[in-house]
Amino acid sequence: MDRNSTRKSAPTIKDVAAEANVSVGTASAVLNDRTNVAQATRDHVKAVMDRLGYEPKSAARALRRKFISSIGLIVPDLNNSFFSQVAEGVQRGIAEHDILMNLCLSWAQPTREEYFAQLLRGQRMDGVIYLSGTGLPSASLVELTKTRSVVFVDEVLPGIECPSVLCDNRRGAREVMRCVVDAGHTAIAVVEGPRRLWTSDQRLSGFREALYSGGQDPDKMTFVTGDYSEKSGYQAAADLFSGDKSGWPTAVVCANDQMALGVITYCREASISVPHSVSVTGFDDIAETRLMHPALTTVSQPGFEMGRSAAQLLLYLIGVQSEPPNTTNFDTTLRLRKSVSPPTTR
């Protein structure tokens, strides 16, 4: 029997992807005439669209009549207010469509990310918005992207073809490092994030590029690997400020604000003045950085807008909205505050 003859509602982009045996992201790329799809795949997907009678606007109207019930949102935690901002943006993006958001906290643990990917595959959900805390693709996540519409936020996972909402992490890292270099610092330490994460790699690349352009050799700087937690920033500072003071850095550039908070907490306990003895910077512009003393120089990401864009993209992929979001690529903004000053002579 012809599959289309028993269909009770207009086909969705997810139906097209399943019939063509491609990901939803590939089917969407063909629909929007993007150039990153092989011609043979493009022709195949278009043929399936024709065979199923897929029309984006009619699919949207049909799905609105069905009142889609829920989507999943996987985030590492809510202690980092950037993730909270993204979650709020997602909620705002789906608010007018009577859709329930199911929040899952992975705590940046591979086993929990695997568990939630497997769990959501078995639920009657129309899509998932995913913020990875590990950067590790799992078999369950790969299967989830084949059976559900999935949108990544602020991460790109190797081996998984999926639409993403991203921020220019590399540019932001260049700007904040340039700020430190321009202040006259040459003894600079970097507290980087987990190397398996795309955001960490992008920020590390930006830091190194700014050092090169400022006439400094990145390989002569000190790099300490953290895990994006305040605790790892605190431990990094304990390591950096041990031993003879002549070897201490005059600036510590952190790959996120949580680690910068840990560095500043250690410095406060050790009576190391920020910024007079050491300058400190972060990345993300979480709320706490504006309230602390001194206020932290950092890089702002529009978490709320990224979350709302991710929700709009997901609704577009599943046919609820007839138009995609205005953008899925966001700029960063350098926030110059009080935690950076010229180095003092020891």
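Summary of the structure given here.

How each quantity is defined
Residues numbered from 1 in each chain as written. Predicted model: local features only at pLDDT ≥ 70, side-chain atom pairs only at ≥ 80, totals over all residues. Heavy atoms only, no water. Helix = DSSP H or I, 4+ residues; strand = E, 2+ residues; numbered from the N terminus. Buried < 20%, exposed > 50% of the residue type's maximum accessible area, 1.4 Å probe, protein only. Areas by Shrake-Rupley, 256 points an atom, 1.4 Å probe, with all protein chains shown as cover. Polar contact = N/O pair within 3.5 Å; in protein donor to acceptor, adjacent residues only side chain to side chain. Contact = heavy atoms within 4.5 Å. Axes fitted to C-alpha atoms, helices over the stretch in contact; angles between N-to-C directions. Parallel < 35°, antiparallel > 145°, perpendicular 65-115°, else oblique. Left-handed = near helix turned anticlockwise from the far one by under 90°. Salt bridge = Lys/Arg side-chain N within 4 Å of Asp/Glu carboxyl O. Phe/Tyr/Trp six-rings, centres within 6.5 Å; stacked < 30°, edge-to-face > 60°. Lys NZ or Arg CZ within 6 Å of the ring centre and 35° of its normal. Pairing = 2+ DSSP bridges. Arc of directions from axis to C-beta. Nonpolar A, V, L, I, M, F, W, Y, C, P; charged D, E, K, R; others polar.

## Brief notes about the overall build of the protein
Check the secondary structure of the protein and you find 13 helices and twelve strands. Counting only C-alpha atoms and orienting by the principal axes, one finds that the protein spans roughly 80 × 35 × 30 Å. Counting all 346 residues of the protein, 55% fall into the buried class. As displayed, the protein offers around 15500 Å² of accessible surface, 48% of which is attributable to carbon and sulfur atoms.

## Some remarks on the side chain of serine 200
Within the secondary structure, serine 200 is located in helix H9 (residues 198-213). For serine 200, the side chain forms a polar contact with the side chain of tyrosine 228, separated by 3.1 Å. Residues contacting serine 200, with those up to four places away along its chain left out, are Gly193, Pro194 and Tyr228.

## Comments concerning the packing of helix H8 (residues 169-182) against H9
Closest axis-to-axis distance for the H8/H9 pair is 7 Å, and the angle between their directions is 40°. With respect to H9, the axis of H8 lies oblique. At the point where H8 passes H9, the crossing takes the right-handed sense. Along the contact surface, H8 presents Asn169, Arg170, Ala173, Arg174, Val176, Met177, Arg178 and Val181, while H9 presents Trp198, Thr199, Gln202, Arg203, Ser205, Gly206, Phe207, Glu209, Ala210 and Leu211.

## What to know about the pattern of salt bridges
A complete count under the given rule lists twelve salt bridges for this structure. As a salt-bridge pair, arginine 195 and glutamate 192 come within 3.0 Å of each other at their nearest N and O atoms. Given the relative accessible area of 54%, arginine 195 is considered exposed. By relative accessible area, glutamate 192 is classed as buried at 3%. Ionic pairing is found between aspartate 284 and arginine 203, a salt bridge with its closest N-O pair at 3.4 Å. Taken as a pair, aspartate 284 in the loop between strand S9 (279-281) and helix H12 (288-291) and arginine 203 in helix H9 lie far apart in primary sequence, 81 residues in all. Through salt bridges with shared partners, one network takes in Asp285, Arg290, Arg335 and Arg337.

## Structural notes on the environment of glutamate 269
Position of glutamate 269 among the secondary structure elements: in helix H11 (residues 257-269). The exposed category is assigned to glutamate 269, whose relative accessible area is 55%. Remark: the alpha-carbon pair of glutamate 269 and serine 200, spanning 69 residues in sequence, is separated by 28 Å.

## Let's talk about the packing of aromatic side chains
Going through the model one piece at a time under the given rule, you end up with five aromatic pairs. Measuring from centroid to centroid gives 5.4 Å for tyrosine 234 and tyrosine 266, while their planes differ by 80°, and the two rings are edge-to-face. Of the two residues, tyrosine 234 sits in helix H10 (residues 230-240) while tyrosine 266 sits in helix H11, which places them 32 residues apart along the sequence. In this structure tyrosine 266 comes out as buried when scored by relative accessible area, which is 17%. Look at phenylalanine 241 and tryptophan 248: their rings are 5.3 Å apart centre to centre, the planes differ by 85°, and that puts the pair in the edge-to-face class. The pair formed by phenylalanine 241 and tryptophan 248 is uniform in burial state, with each residue classed as buried. Its end group placed over the ring of tryptophan 107, arginine 112 keeps NZ or CZ at 3.9 Å from the ring centre. Cation over ring: arginine 203 sits above phenylalanine 283, and NZ or CZ is 3.9 Å from the ring centre.

## Thoughts on the sheet that holds strand S5 (residues 164-167)
One open sheet holds the six strands; their spatial order is S2-S1-S3-S4-S5-S11, and the pairing between them is parallel. With one partner strand each, in any of the chains shown, strand S2 (100-105) and strand S11 (329-330) form the two edges of the open sheet. As judged from the four bridges shared by strand S3 (residues 127-130) and strand S4 (residues 149-153), these two strands associate in the parallel manner. Its bridge partner being in S4, valine 128 is matched across the sheet by valine 150. Sitting on the sheet, helix H13 (residues 303-317) is in contact with strand S1 (70-75), S3, S4, S5 and S11, with an inclination near 160° to S4.

## Observations concerning helix H7 (residues 139-147)
Every buried residue of H7 is accounted for by Ser140, Leu141, Leu144 and Thr145. End-on, the buried residues of H7 take up no more than an arc of 140°, which puts them together on one face. For H7, exposure combined with an orientation more than 90 degrees from the buried face picks out Ala139 and Lys146. Where H7 is buried, its residues meet helix H2 (24-31), helix H6 (110-121), S3 and S4.

## Points about the packing of H2 against helix H3 (residues 39-52)
Axis separation between H2 and H3 bottoms out at 10 Å; the angle between their running directions is 85°. Viewed along their axes, H2 and H3 adopt a mutual orientation that is roughly perpendicular. Residue-level inspection shows Thr26, Ala27, Ala29, Val30 and Leu31 of H2 in contact with H3, the latter providing Thr41, Arg42, Val45, Lys46 and Met49. Residue classes in the contact of H2 with H3 are distributed as six nonpolar, two polar and two charged.

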